[in-house]
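For reference, the chains in residue letters:
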Amino acid sequence: MTGWSLHHVLSGLDTEVNARLQRARESIRHSGTKGDASENVWLALFADYLPARYHARKAHVVDSKGRISDQIDVVVFDRQYSPFIFSFEAQIFVPAESVYAVFETKQTVTSGYVEYAQKKTASVRRLHRTSLPIPHAGGEYPAKVPFPILGGILSLESEWKPPMGRSLRRALETSCAGGQLDLGCVAAHGHFHFDKDQDGYNVFDGGRPVTAFLFDLLSHLQSRATVPMIDIHAYGRWLEKRS
């Protein structure tokens, strides 16, 4: 016997994330700084627990047609097969082909913030993604159809009572075009995900929300396998343009 148990390890993860989010809320008065601190808690979680092929950063998403999304709190993207990530004046720009998921982070989830997250998600999903055939020793595989980009929201608490009740479902179900949220976590109360088979949301109250959400995200990422092969020349054409 080692004295360790998986139950206690996973429980500790939830406790740690909740404590860090709570400290950000109680210790920092400036709303912008408080928001940055909350983002950093989630970014650190992804950095620690997602496989190395995935990176998570606050970033804009850009496509080969020159369009740029709103700034996204957390962009989960491929780093193993992504040939470039733009950086300008401390701002990060990730090519749309490399993106697996986008999340908005808030201290408290509200109907307004759910709508905000939906609009941010839609701004990424509208972007163009290239895809080239994939060469291999015996020839080439056909170009991969880009998978749907995941969207979600992450918070410490909920404005509603009960926190994970009908009001949350109503907010999630009232979605703008292209903005449907796939999964999310309210660290102090529960988590949710959209079930395609049932065409509706599964909302889970209590338990270990952070750990359950993390496992749910990992499962979604596994199902998407590898990002499409990006057409570098499509981005290179912008070098020929003149202002």
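Report follows, based on the coordinates. (Residues numbered from 1 in each chain as written. Predicted model: local features only at pLDDT ≥ 70, side-chain atom pairs only at ≥ 80, totals over all residues. Heavy atoms only, no water.)

## Here we look at the side chain of glutamine 107
Line of reasoning, step 1. Tracing the backbone through its elements, the reader meets glutamine 107 in strand β5 (residues 99-109).
Line of reasoning, step 2. A polar atom in the side chain of glutamine 107 sits 2.2 Å from the side chain of serine 38. (Helix = DSSP H or I, 4+ residues; strand = E, 2+ residues; numbered from the N terminus. Polar contact = N/O pair within 3.5 Å; in protein donor to acceptor, adjacent residues only side chain to side chain.)

## A few points about the sheet that holds β5
Line of reasoning, step 1. Here we have 9 strands laid out as an open sheet, ordered β3-β4-β1-β2-β5-β8-β9-β10-β11, and mixed in their pairing. With one partner strand each, in any of the chains shown, β3 (86-88) and β11 (200-205) form the two edges of the open sheet. Ignoring strand direction, the axes of neighbouring strands in this sheet form an average angle of 35 degrees.
Line of reasoning, step 2. Sheet contacts for helix α4 (residues 166-173): β10 (190-195) and β11; angle to β11, the most-contacted strand, approximately 145 degrees. (Pairing = 2+ DSSP bridges. Axes fitted to C-alpha atoms, helices over the stretch in contact; angles between N-to-C directions. Contact = heavy atoms within 4.5 Å.)

## Let's talk about the nonpolar core
Line of reasoning, step 1. With 29 residues, the main nonpolar core has Phe46, Val76, Phe103 and Leu217 as its most contacted residues.
Line of reasoning, step 2. Mapped by element, the contributors of at least two residues to this core are α1 (6-27), α2 (31-49), β1 (54-62), β2 (72-78), β5, β8 (150-158), β9 (183-186) and α5 (209-224).
Line of reasoning, step 3. With sequence-adjacent residues up to four places away left out, valine 76 is seen in contact with Phe46, Leu50, Tyr54, His55, Ala56, Ser98, Val99, Tyr100, Ala101 and Phe103.
Line of reasoning, step 4. Judged by nonpolar contacts, the second largest core, of 15 residues, contains Ala117, Leu181, Val186 and Tyr201. (Core = buried A, V, L, I, M, F, W, Y, C linked by side-chain atoms within 4.5 Å. Buried < 20%, exposed > 50% of the residue type's maximum accessible area, 1.4 Å probe, protein only.)

## Comments concerning a nonpolar patch on the surface
Line of reasoning, step 1. Together, Ile134, Tyr141 and Met229 make up an exposed nonpolar region whose accessible area comes to about 260 Å².
Line of reasoning, step 2. Here tyrosine 141 is to be found in strand β7 (residues 139-141). (Patch = residues over 30% accessible without salt bridge, like charges linked within 9 Å, V, L, I, M, F, W, Y side chains within 5 Å. Areas by Shrake-Rupley, 256 points an atom, 1.4 Å probe, with all protein chains shown as cover. Salt bridge = Lys/Arg side-chain N within 4 Å of Asp/Glu carboxyl O.)

## Brief notes about the environment of valine 114
Line of reasoning, step 1. As for its placement among the helices and strands, valine 114 is situated in helix α3 (residues 111-125).
Line of reasoning, step 2. A sequence separation of 40 residues divides valine 114 from leucine 154, and the C-alpha atoms of the two residues are 9.9 Å apart.
Line of reasoning, step 3. Beyond its immediate stretch of four places on either side in the chain, valine 114 contacts Val109, Ile153, Trp160, Ala171, Leu172 and Leu181.

## Focus: the pattern of salt bridges
Line of reasoning, step 1. In total, this model carries 6 salt bridges according to the counting rule given.
Line of reasoning, step 2. For glutamate 39, the salt bridge goes to lysine 58, with nearest N and O atoms at 3.3 Å. Of this pair, glutamate 39 sits in helix α2 while lysine 58 sits in strand β1, and the two are 19 residues apart along the sequence.
Line of reasoning, step 3. Overall, the relative accessible area of 27% leaves lysine 58 in the partly exposed class.
Line of reasoning, step 4. Across the pair aspartate 63 and arginine 67 runs a salt bridge, and its minimum N-O distance is 2.9 Å.

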